[in-house]
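Examining the three-dimensional arrangement
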Amino acid sequence: MAKRIDVSGLTAYYGSHKAIEDISMTVEPRSVTAFIGPSGCGKSTFLRTLNRMHEVTPGGRVEGKVMLDSEDLYGSGIDPVSVRREVGMVFQRPNPFPTMSIFDNVAAGLRLNGKYRKSELNDIVEKSLKGANLWNEVKDRLNKPGSGLSGGQQQRLCIARAIAVEPKVLLMDEPCSALDPISTLAIEDLIGELKERFTIVIVTHNMQQAARVSDRTAFFNLAAVGQPGRLIEIDDTERIFSNPSVQATEDYISGRFG
Ligand SMILES: Nc1ncnc2c1ncn2[C@@H]1O[C@H](COP(=O)(O)OP(=O)(O)O)[C@@H](O)[C@H]1O
Ligand SMILES: [Mg+2]
């Protein structure tokens, strides 16, 4: 099958500190890939190299190649802003624009991208909020501030904002770690629905969550503190959690470290 993402030999630095080294993997369209591994092994760093956000950090530098379909994301002449439109991101802490209404939060990315008629904008905002399983809860208060919603609703609002511009890929960095269990389940259900339309990569420290939501799981690890993180193995989630190829993966998923 054609790959949506094809990473080869990716190394990323913060100044002189090499955070991750020589990572290669592929991701198929309309799938969910989970990144697991101990804290500090570079999951977030690697995720941010997939939409050129890593280089926004001072000293952030990338070597290697990331292909999105047939586009070389680090190729010359590629606009990082357009990359971030194709590869959207949802963060650990829901971060709606606090002074904006629910409607404007979802419309924000669209307004940056071009001109839409009011009716078009209404349609896309409604579709995105429905897509994020939030519409029924907010349809009567679209003009109220997004910051007035609960944490779980705010995270779904951020997902609605991300999908409104129809990205190819949605990156999620521990999107449930600030949420209660019910809101977490709502996001996990949503991920199952969104993968019909988007390719999803999610970092999670929750093993059960990785097992529940993902098709493929990638285990990252580092040899010692200060050493760069590496991809240890990536395989079907079922296999990673039942019969991984590498002992370190087995040790990690059975809770022996990390
Ligand atoms: N903004 C930053 N500046 C310098 N070093 C960083 C920065 N963010 C992360 N690092 C370092 O990069 C390594 C990987 O971190 P990170 O990607 O956050 O790991 P994870 O998400 O797996 O916990 C760590 O050694 C961390 O200290
Ligand atoms: Mg992280």
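Just so it is clear, the structure is predicted and the values come from calculations on it, not from any experiment.

1. Describing the environment of Pro 98
Topologically, Pro 98 is positioned in the loop between β6 (87-90) and α3 (102-113). Classification of Pro 98 by relative accessible area gives exposed; the value is 55%. Distance from Pro 98 to Asn 243, taken between C-alpha atoms, is 45 Å for residues 145 residues apart in sequence. Other than its neighbours up to four places away in sequence, Pro 98 contacts Pro 145 and Ser 147.

2. Some points on the UniProt feature "domain: ABC transporter" (unreviewed entry) in the chain
The UniProt record annotates "domain: ABC transporter" (unreviewed entry) at residues 5-247. End C-alpha to end C-alpha, residues 5-247 measures 27 Å, and it is 35% helix and 27% strand.

3. What about the site of ligand 1?
Tyr 14, His 17, Ala 19, Pro 38, Ser 39, Gly 40, Cys 41, Gly 42, Lys 43, Ser 44, Thr 45 and Thr 57 make up every residue found near ligand 1. A distance of 3.3 Å is found between a nitrogen atom of ligand 1 and a side-chain nitrogen or oxygen belonging to Tyr 14. With respect to ligand 1, the side chain of Thr 45 contributes an N or O atom lying 2.5 Å from an oxygen atom. Starting from 560 Å² of accessible surface for ligand 1 in isolation, the protein chains cover 61%. Elements that contribute at least two residues to the shell around ligand 1 include exactly β2 (17-27) and α1 (43-49).

4. A word on the packing of aromatic side chains
What the rule picks out here adds up to 4 aromatic pairs. Taken together, Phe 35, Phe 46 and Phe 220 form an aromatic cluster joined through their ring pairs. Its end group placed over the ring of Tyr 13, Arg 61 keeps NZ or CZ at 4.2 Å from the ring centre. Against the face of Phe 97 rests Arg 161, its NZ or CZ located 4.4 Å from the ring centre.

5. Some remarks on unusual backbone geometry
Positioned with a positive phi, Asp 69 is a non-glycine residue whose angle comes to about 50°. Counting through the fold element by element, Asp 69 comes out in the loop between β4 (60-68) and β5 (71-72). In this model, Glu 166 sits at a positive phi of 55°, which is unusual for a non-glycine residue. Its location among the elements puts Glu 166 in the loop between α6 (151-164) and β7 (169-173). When its relative accessible area of 44% is taken as the criterion, Glu 166 is described as partly exposed.

6. A few points about the nonpolar core
When a protein is soluble and globular, its nonpolar side chains tend to lie buried together. The biggest cluster of nonpolar side chains holds 41 residues, and the ones touching the most others in it are Leu 129, Ile 159, Met 172, Ile 191, Leu 194 and Ile 200. For this core, the element with the most residues is α6, which contributes 6 residues. What Leu 129 contacts, discounting residues up to four positions off in sequence, is Ile 102, Val 106, Leu 134, Trp 135, Val 138, Leu 142, Leu 157 and Ala 160.

7. So, the pattern of salt bridges
In total, this model carries 19 salt bridges according to the counting rule given. For the salt bridge of Glu 63 with Arg 61, the shortest nitrogen-to-oxygen distance reads 3.5 Å. Accessibility expressed as a relative area gives 40% for Arg 61, which makes it partly exposed. The salt bridge partner of Arg 212 is Glu 188, with a shortest N-O separation of 2.5 Å. Of this pair, Arg 212 sits in helix α8 (residues 207-213) while Glu 188 is found in helix α7 (residues 181-194), placing the two residues 24 residues apart along the sequence. Members of the salt-bridge network, linked through shared partners, are Arg 4, Asp 69, Glu 86 and Lys 168.

8. Looking at the packing of α3 against α6
It is at 7 Å that the axes of α3 and α6 come closest, and there the two elements cross at 30°. Considering the angle they form, α3 stands roughly parallel to α6. Where α3 crosses over α6, the two elements pack in a sense that is right-handed. Together, Ile 102, Asn 105, Val 106 and Leu 110 of α3 and Leu 157, Ala 160, Arg 161 and Ala 164 of α6 make up the contact between the two elements. The class makeup of the residues in the contact of α3 with α6 is 6 nonpolar, 1 polar and 1 charged.

Criteria and thresholds
- Residues numbered from 1 in each chain as written.
- Chains lettered and ligands numbered in written order.
- Predicted model: local features only at pLDDT ≥ 70, side-chain atom pairs only at ≥ 80, totals over all residues.
- Heavy atoms only, no water.
- Helix = DSSP H or I, 4+ residues; strand = E, 2+ residues; numbered from the N terminus.
- Buried < 20%, exposed > 50% of the residue type's maximum accessible area, 1.4 Å probe, protein only.
- Contact = heavy atoms within 4.5 Å.
- UniProt positions renumbered as here; feature names shortened; annotations may be inferred.
- Near = heavy atom within 4 Å.
- Polar contact = N/O pair within 3.5 Å; in protein donor to acceptor, adjacent residues only side chain to side chain.
- Areas by Shrake-Rupley, 256 points an atom, 1.4 Å probe, with all protein chains shown as cover.
- Phe/Tyr/Trp six-rings, centres within 6.5 Å; stacked < 30°, edge-to-face > 60°.
- Lys NZ or Arg CZ within 6 Å of the ring centre and 35° of its normal.
- Core = buried A, V, L, I, M, F, W, Y, C linked by side-chain atoms within 4.5 Å.
- Salt bridge = Lys/Arg side-chain N within 4 Å of Asp/Glu carboxyl O.
- Axes fitted to C-alpha atoms, helices over the stretch in contact; angles between N-to-C directions.
- Parallel < 35°, antiparallel > 145°, perpendicular 65-115°, else oblique.
- Left-handed = near helix turned anticlockwise from the far one by under 90°.
- Nonpolar A, V, L, I, M, F, W, Y, C, P; charged D, E, K, R; others polar.

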